[in-house]
Amino acid sequence: MISFGMTDEQKAAQDAMRSFSQNVLRPKARSCDEAAKLPEDFLGKAWELGLTMAQIPEKYSGMGSDRSPVTNAIILEELGYGDVPLAVAALAPSLFANAIVDQGTEEQKKTYLPAFCGEKFETGSLALLEPGPLFDLGKLKTTAETSGKEFILKGRKSFVTLGDRASHFLVIAKQGNSRDAFIVPKDAKGLSISGPQKNLGLNAVPFAALELGNVRVPTSARLGGDAGCDVQKIINNSRVALSALMVGLARGVIDYCVPYAKEREAFDEAIAKKQAIAFMLADMHIEVESMRWLTWKAASALEQGRDATKEAHQAFVYAAEKCMWIADNGIQVLGGHGFIREHPVEMWFRNARTVSVLEGAAAV
Amino acid sequence: MPIDFTLSERDKGLLENIRASALIARKYARYYDEHEESELAPEQLPEAAGFKRPFDEKAHPYNPKTDSGMAVMGMLQTMAQMWGDYAVRLKRQKGGLGNAALQAAGTPDQQKKWGGLTLAMAITEPGCGSDPSRVQTSATLDPKTNEWILNGEKIFVTTGVRAEGVVAWATVDKAAGRAGIKSFLVLKGTPGFTVAKKEKKLGIRGDDTAAYVFDNCRIPRENLLGGKEEVEKEGSGGFKGVMKTFNMTRPGVGAIGLGVAEAALDFTREQLEEAHVDLSYGGSLASQTAIAKKFQDLETLWEASRLTVLRAAWLAEKGKPNNMEASVAKAHAGAAVRRICQGCIEILGTMGVSREHLLEKWLRDCRITDIYEGTGQIQRLIIARTLLDYTREDLK
């Protein structure tokens, strides 16, 4: 049945994240952007929310809540509203752990998951993106060759979230005609980690680049074991998570523009009283709504265990375009002030441009 | 019920039923497009028997725990019917926009008395469209005979020729502005009420659009919808009540346009697949053709629009306010269907403009979506006022 109704649990999670967003993320957003660094205590504080361990089964020391991509989408919208870079950093452990929860072998779950259920921050990281133009999910340049006993990984990865402190990487590589994911420890021979990269936006996130020069891992390091895994599923999860963050970012822009436009006067009245501005705001609202429902629909397909490839693709492409468009208009509503770093809209503009090209840097 | 976007078996059954009859309707799409003057009832068409596909309610009873709600299904059913053909669907429809007004504003007695008729809705006048508070048609009470006397002209009355009666907006007190506007039920055949004209249009030619003249037209006193004769001094409570009619009709109009746009998308997809264009989702921009990307963007736009329509309907069926969401749905769909039908023609090129196919007709049919029941601009005014917490006086 078609229903847009949140459960009481989802509403509670939304409220909790909304206050974390207001009290923790928003106040730190600008200073982290300027310093291009995560605040000292931030990852620890975010860890206390239990985002990662909540969805790890009790069997592996987690809290055993059901994996719910829909609840995650609701949570991520709130975190994205607070600050996308901090949200991306806080989510890095989940994108690694959830891939193992969803597709790992029993052995892999036992080996890797308990580490994410302790009191101290712990992270692995997904390594999907590659440097250079024309990155194509269907034609990865990183390869895995097998000798039967082990896999040999070659290639380069970029935009690896928290790559500087991850204990393991989930490296997506081309294996014959298909794609597979491999769990690679940070001290693997032949792996070099560099960074942080400097970018247009998401400045607070330490993104690393990986160079895989004949990195050898045992066959048991392949996610899903001999059966392998469905890489598209990891991508779909990532796309939905990014879409949810972009919904939050876009909503934040509107919420900032509305009071500004009511306050700012031109030609003897608030600029919000002019249709040129009022219609821009209305259009921004129309689009943020559409972005959210597309995201929910894709998240719901993931949750129901259906193939969510089409839904996730639609949600991501639409959200990416409209989030950028809304952030862009946010600057326009503020005019010259939108260009000045005293206001957050220029930062949101840079973050929107950056997050919307990050296929696979966040997945919950 | 938790967040869900899937259809139950019953939901699917209902929609498949409509699709099957819509496919028959499509056979007559061109006929009605080319015979604008025709008032031939679809029931008289050679394959009319195919329209009647009663759904076996006994075998598939409604289960509120698993099946979609009435309003949401109403939107999906509208889309499925319009996917077949606009004209055939509207001509078969019992009831018009006036029936929605009767439901929203009529007394129980009035609903019982006129609910079975097909009622049109007459708001627009030669001098006023988007701003109905400027209505000039007047209603004057004759206390001697207990009758209202209507005088004025109405245009763009949807289904106005075929309707058995009309809900017409008229002012009982011009000085009172919006508060003076009331709606009146006028039956066809009432002396002084004439259908002056049937319009010739760009699209939806099978759906008649009339112009009315009220010339000292006398109607019984009890034909005032809702029965409230007094004019409120402050505010516009009564007017707002009438405007509430739009909270379901606006998403409904979105659904109408989206059904037409879906037909255009389906036709275009068939052509592209026949030409072996890879339309699969999941990959990156780097490996897509421009045509595939363009088509997927249109398909995505359609889905986004559909969800805003369903959202507005879902709120309504939950008894939650949906004034703003109804406008979001209408504004989104109005713009989306224009772009979708235009985009499909861009993709198929000259094939898209040939009258050998229906695509050019769908472009013409969908164009009204962004105009009637409040233009896209009016919807944006409503959305902006809500967003900014502004009154009509603050922002107009």
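Just so it is clear, the structure is predicted and the values come from calculations on it, not from any experiment. (Residues numbered from 1 in each chain as written. Chains lettered and ligands numbered in written order. Predicted model: local features only at pLDDT ≥ 70, side-chain atom pairs only at ≥ 80, totals over all residues.)

Whenever I open this one, the overall build of chain A confuses me. Can you help?
The helix and strand inventory of chain A stands at 11 helices and 10 strands. The C-alpha atoms of chain A give a radius of gyration of 21 Å, which matches the 21 Å a tight globule of 364 residues would have. In chain A, buried positions account for 58% of the 364 residues. By sequence separation, contacts in chain A at least 24 residues apart represent 76% of the contacts at least 6 residues apart. (Helix = DSSP H or I, 4+ residues; strand = E, 2+ residues; numbered from the N terminus. Rg over C-alpha atoms; globule rule 2.2 N^0.38 Å. Buried ≥ 20, exposed ≤ 12 C-beta atoms within 10 Å, placed from the backbone. Contact = placed C-beta atoms within 7 Å.)

Got a minute to help me understand the overall build of chain B in this structure?
From N to C terminus, chain B includes 13 helices and eight strands. Against the globule reference of 21 Å for 396 residues, chain B gives a C-alpha radius of gyration of 22 Å, in line with a compact fold. When its C-alpha atoms are laid out on the principal axes, chain B stretches across 75 × 50 × 45 Å. Within chain B, the proportion of its 396 residues that are buried is 47%. Excluding contacts between residues fewer than 6 apart, the proportion of contacts in chain B whose partners are at least 24 apart in sequence is 75%.

When you look at helix α13 (residues 376-388) of chain B in this model, what are you seeing that I'm missing?
For an α-helix, the turn length of 3.6 residues means that residues three or four places apart are oriented alike. Residue and element names in this part refer to chain B. A rise of 1.5 Å per residue sets the reference length of α13, with its 13 residues, at 18 Å; its end C-alpha atoms lie 18 Å apart and thus fit the reference within 8%. Taking burial as the measure, the 13 residues of α13 include 10 buried ones, the bulk of the element. Those residues of α13 that fall on the buried side of the exposure criterion are G376, Q379, R380, L381, I382, I383, A384, R385, L387 and L388. Phi turns positive, to about 55 degrees, at D389, one or two residues after α13. (Expected span 1.5 Å × (residues − 1).)

Is there a simple way to think about the confidence of the model for chain B in this case?
Detailed conclusions should not be drawn from predicted coordinates in areas where pLDDT is low. Averaged over every residue, the pLDDT of chain B is 93; residues scoring 70 or more account for 97%. Overall fold confidence for the complex sits at a pTM of 0.94, while the interface term, ipTM, reaches 0.95. (pLDDT = per-residue confidence, 0-100.)

Explain the interface of chain A and chain B here, please?
The parts lose accessible area when they come together, and the size of an interface is often stated as this lost area. Facing 39 residues of chain A, the contacting portion of chain B comprises 35 residues. The element best represented in the side of chain A that touches chain B is helix α8 (residues 275-303) of chain A, accounting for 14 residues. Its residues assigned to classes, the side of chain A that touches chain B comprises 20 nonpolar, 11 polar and eight charged. With two bridges joining them, strand β1 (residues 2-3) of chain A and strand β1 (residues 4-5) of chain B adopt antiparallel strand pairing. Of the residues in β1 of chain B, the one forming a bridge with I2 of chain A is F5 of chain B. (Nonpolar A, V, L, I, M, F, W, Y, C, P; charged D, E, K, R; others polar. Pairing = 2+ DSSP bridges.)

I tried to follow the confidence of the model for chain A on my own but got confused; where do I start?
Taken residue by residue, chain A gives an average pLDDT of 95. The fraction at 70 or more is 99%. Within the model, pLDDT remains below 50 along residues 360-364 of chain A, and this stretch shows 31 contacts once partners closer than five positions in the same chain are excluded.

Explanation requested: the packing of α8 of chain A against helix α10 (residues 323-348) of chain B in the structure shown.
Between two packed helices, what matters for the description is the angle formed by their axes and the separation of those axes. Two numbers describe how α8 of chain A lies on α10 of chain B: the axes approach to 10 Å, and their chain directions differ by 90 degrees. Considering their axes alone, α8 of chain A and α10 of chain B lie roughly perpendicular with respect to each other. Only V328, A331 and H332 of chain B of α10 of chain B make contact with α8 of chain A, whose side of the interface consists of I286, E289 and S290 of chain A. When the residues that make up the contact of α8 of chain A with α10 of chain B are grouped by side-chain class, the tally is three nonpolar, two polar and one charged. (Axes fitted to C-alpha atoms, helices over the stretch in contact; angles between N-to-C directions. Parallel < 35°, antiparallel > 145°, perpendicular 65-115°, else oblique.)

Just checking my understanding: could you explain the environment of L126 of chain A for this structure?
Mapped onto the elements, L126 of chain A comes out in strand β2 (residues 124-127). As for L126 of chain A and A97 of chain A, which are separated by 29 residues in sequence, their C-alpha atoms are 9.5 Å apart.

Whenever I open this one, helix α7 (residues 231-263) of chain A confuses me. Can you help?
Here α7 of chain A spans 49 Å end to end across 33 residues, near enough to the 48 Å set by a 1.5 Å rise per residue. Among the 33 residues of α7 of chain A, 24 are classified as buried, and the element is accordingly described as predominantly covered.

Sorry, what's going on with the packing of helix α9 (residues 309-334) of chain A against helix α11 (residues 345-355) of chain A here?
All names here are of chain A. Two elements in contact, α9 and α11, have axes whose closest approach is 9 Å; the angle formed by their N-to-C orientations is 160 degrees. Taken together, the axes of α9 and α11 lie roughly antiparallel to each other. Here α9 and α11 pass one another in a crossing that is left-handed. Every residue of α11 that contacts α9 at C323, M324, A327, D328, G330, I331 and L334 is listed here: V345, E346, W348, F349, A352 and R353. The class makeup of the residues in the contact of α9 with α11 is nine nonpolar, one polar and three charged. (Left-handed = near helix turned anticlockwise from the far one by under 90°.)

For this particular structure, what's the right way to read the pairing of strand β4 (residues 150-161) of chain A?
If a strand is regular, its side chains alternate between the two faces of the sheet. Residues and elements named next belong to chain A. In this sheet, β4 lies alongside strand β3 (residues 143-146) in antiparallel orientation, the contact comprising four bridges. Residue pairing in the sheet places A144 in a bridge with L153 of β4. Turn length for the β3-β4 hairpin, with the two strands adjacent in sequence and antiparallel, is three residues, and the turn residue G148 shows positive phi of about 100 degrees. Sheet topology places β4 next to strand β8 (residues 207-218); nine bridges connect them, and they run antiparallel. The residue bridging I152 from the neighbouring strand is R216, located in β8.

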